[in-house]
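The chain contents come next:
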Amino acid sequence: MVKAKTHKKPKETEKSEINAKIGLEVHGYIDTKEKLFCTCRNFHDMKLIKPNTNICPICTGAPGSKPMLPNSSAVSKILQIGLMLNCKPNILPKKLIFQRKHYSWPDMPHGYQKTISGAYSIPVAENGNFLGIRIREVHLEEDPAAWNPETGNIDYNRAGVPLVEIVTEPDFTSPEQVEHWLKQLVLTLSYIKALNKDAGIKADVNVNIKGTVRTEIKNVNSITEIVKSIVSEARRHQKEKPITQETRRWNSETNKTELMRTKEEAADYRFIPDPDLPVIKIDKKRVEEIKKNLPESPQIKLEKIIKSHKINPRDAEVLTSNLELVEFFEKVIEKIDPKIVLPWIKTELLGVLNYNKKTLDDKDIEIKPEHVIELLELVINNKITPLKAKDILRRFIPKSFSPGSEAKQSEKITDEKQLLKIIKEIIKKEKKTADDYKKGNKKSFNFLMGEVMKATNKSADFQIVRKILERELG
Ligand SMILES: [Zn+2]
């Protein structure tokens, strides 16, 4: 009898033993110029401005104040998000109604939050699917103020900022799956500039395992904490087998959830339509217009880059990590072989941008693909050295230029006689280094190469210089 091969059990990571049923309500800050119901600014990072300096009677809930019409660009962004997640937008004859979600809490001066959600409401978009996870609905609401329970201070700077809430069905089965999906979600929404990228995301997380009743963990900040809270809560379910529905909070210091309330004490939000706000009507034309202008998703771009242009997945991932970067790459490869373009975009251009702490979509950065095409053609046609091209590329920040005239002044030097003369001078000048090389110090060679390149304004042909230098040094 042939003995069956024994397979080594793969080493399990801490997380992967968890098989749970997980659903998410993801909250993100919508990137708009103004708040949802007033003209106060929607700053990228509210922590950078002094508390209560970005406020008005509307967003602080002053008695008698009435909201302005809902910010139309926030509604458009919600529609974009819905469409990117393959949801169906609710268009006319359906009407969207802002409801008052009542609760008393120091962060909510009106005593209610304005939201297009809750009992009997119609969300902006619903019934979607993103990477195999069903999306129940996508809706819009306002953010409350920031309340510090320790000091009792309230900061209204972010009160009234538009939030998106993305509600999934409980389709996730592991923390790793949630982590991957959330990263893809954030990347996808970055392609439409939907979210304030400095503000991060928050989520309410539903978790249960086979035979237990689900727990809702409220308001978990950041993807890392969301994943940790799922691991911790699933473990608690394995151990304690809870059979009553609970709402819990996440304590990131103890790495444990804590009881907030049971179902019997469930909050009753007494939803009613807000009489101060008009119904929102979305017509087919508006949706079609938005659809027409949506970019391809990062997942489609990634597949295209790998398959059509034969770029390896890891490099493709770097390129697709930013919409402007991948679109830039796509424009340059219309003229030049992708294999040649790849290191110039992925390593050189990205390196220069990172060094300057910039991205292609920064408002003060203006780099044109045609200038990079021109630059690479100069290299390909042996007009300038790659070293010289890198030099010019560095000066494309903040604004690129046609490199043609500059290339003329520093045309590649391939004339051996001319180079020999320069090299002889350098060997004479750097006699000690040259002697060191002859004695076996290999590093000295690179130094001498560098000196030749410096003396020729980076225009000497590298291969020829190497050849002559080797010959001259014996
Ligand atoms: Zn305001």
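Residues numbered from 1 in each chain as written. Predicted model: local features only at pLDDT ≥ 70, side-chain atom pairs only at ≥ 80, totals over all residues. Heavy atoms only, no water.

J.: I'm lost on the overall build of the chain in this one. Help?
T.: What the chain contains, in helices and strands, is 15 helices and 14 strands. Dimensions of the chain along its principal axes, counting C-alpha atoms only, are 90 × 75 × 45 Å. Total accessible area computed for the chain in this model is approximately 26,100 Å², and 52% of it derives from carbon and sulfur atoms. (Helix = DSSP H or I, 4+ residues; strand = E, 2+ residues; numbered from the N terminus. Areas by Shrake-Rupley, 256 points an atom, 1.4 Å probe, with all protein chains shown as cover.)

J.: I keep staring at helix α12 (residues 416–429) and nothing clicks. Help me out?
T.: Along an α-helix, a turn takes 3.6 residues, which lines up residues three or four apart on a common side. Taking 1.5 Å per residue, 14 residues should reach 20 Å; α12 reaches 20 Å between its end C-alpha atoms and fits that length. Burial in α12 covers these residues: Leu419, Ile422, Ile423, Ile426 and Ile427. Burial along α12 is one-sided: seen end-on, the buried residues are contained in an arc of 135°. Away from the buried face of α12 by more than 90 degrees, exposed residues Lys417, Lys421, Glu425 and Lys428 are located. (Expected span 1.5 Å × (residues − 1). Buried < 20%, exposed > 50% of the residue type's maximum accessible area, 1.4 Å probe, protein only. Arc of directions from axis to C-beta.)

J.: Can you help me understand the coordination of the zinc ion in this one?
T.: Under perfect tetrahedral coordination by four donors, a metal shows angles of 109.5 degrees; under perfect octahedral coordination by six donors, it shows angles of 90 or 180 degrees. The zinc ion binds to the protein through Cys38 (SG), Cys40 (SG), Cys56 (SG) and Cys59 (SG), with metal-donor distances spanning 2.3 Å. One can describe the donor arrangement at the zinc ion as tetrahedral, given that its four donor atoms subtend angles of 106 to 113° at the metal. Judged by its relative accessible area of 9%, Cys40 falls in the buried class. (Donors = N, O, S within 2.8 Å, 3.2 Å for Na, K, Ca; no water. Tetrahedral: all angles 85-135°; square planar, octahedral: opposite > 155°, others 65-115°.)

J.: Looking at this model, I keep getting lost on the domain arrangement of the chain. Mind explaining?
T.: Reports of interface size often rely on the accessible area that becomes lost once the parts have come together. Here the domain parsing of the chain yields domain 1 (21–291), domain 2 (296–409) and domain 3 (416–472). Each of domain 1 and domain 3 has a C-alpha centre, and these two points are 64 Å apart. (Domains from an automatic or database assignment.)

J.: Honestly, the packing of aromatic side chains in this entry has me stumped. Any pointers?
T.: Two aromatic rings, taken as a pair, are described by how far apart their centres are and by the angle between their planes. The full count for this structure, using the stated rule, is eight aromatic pairs. When the ring of Phe396 is compared with that of Phe401, the centres are 5.0 Å apart and the planes differ by 90°; the resulting orientation is edge-to-face. Looking at Phe396, the relative accessible area reads 0%, which means it is buried. Taking relative accessible area as the criterion, Phe401 reaches 25% and is therefore assigned partly exposed. Following the ring pairs from residue to residue traces out a cluster consisting of Tyr103, Tyr269 and Phe271. Taking NZ or CZ as reference, Lys101 lies 4.5 Å from the ring centre of Tyr269, over its face. (Phe/Tyr/Trp six-rings, centres within 6.5 Å; stacked < 30°, edge-to-face > 60°. Lys NZ or Arg CZ within 6 Å of the ring centre and 35° of its normal.)

J.: Would you explain the pairing of strand β9 (residues 162–168) in this entry?
T.: Strand residues, when the strand is regular, have side chains that alternate between the two faces of the sheet. Of all seven residues in β9, seven are buried; the element is thus mostly enclosed. Judged by which residues are buried, β9 turns out to be covered on both faces: Pro162, Val164, Ile166 and Thr168 on one side and Leu163, Glu165 and Val167 on the other are all buried. Strand direction decides the pairing type here: strand β1 (residues 21–29) and β9, joined by five bridges, are antiparallel. Bridge pairing links Gly28 to Val164 in β9. The pairing of strand β6 (residues 133–142) with β9 spans seven bridges and is antiparallel. Along β9, the bridge assignment pairs Glu141 with Leu163. (Pairing = 2+ DSSP bridges.)

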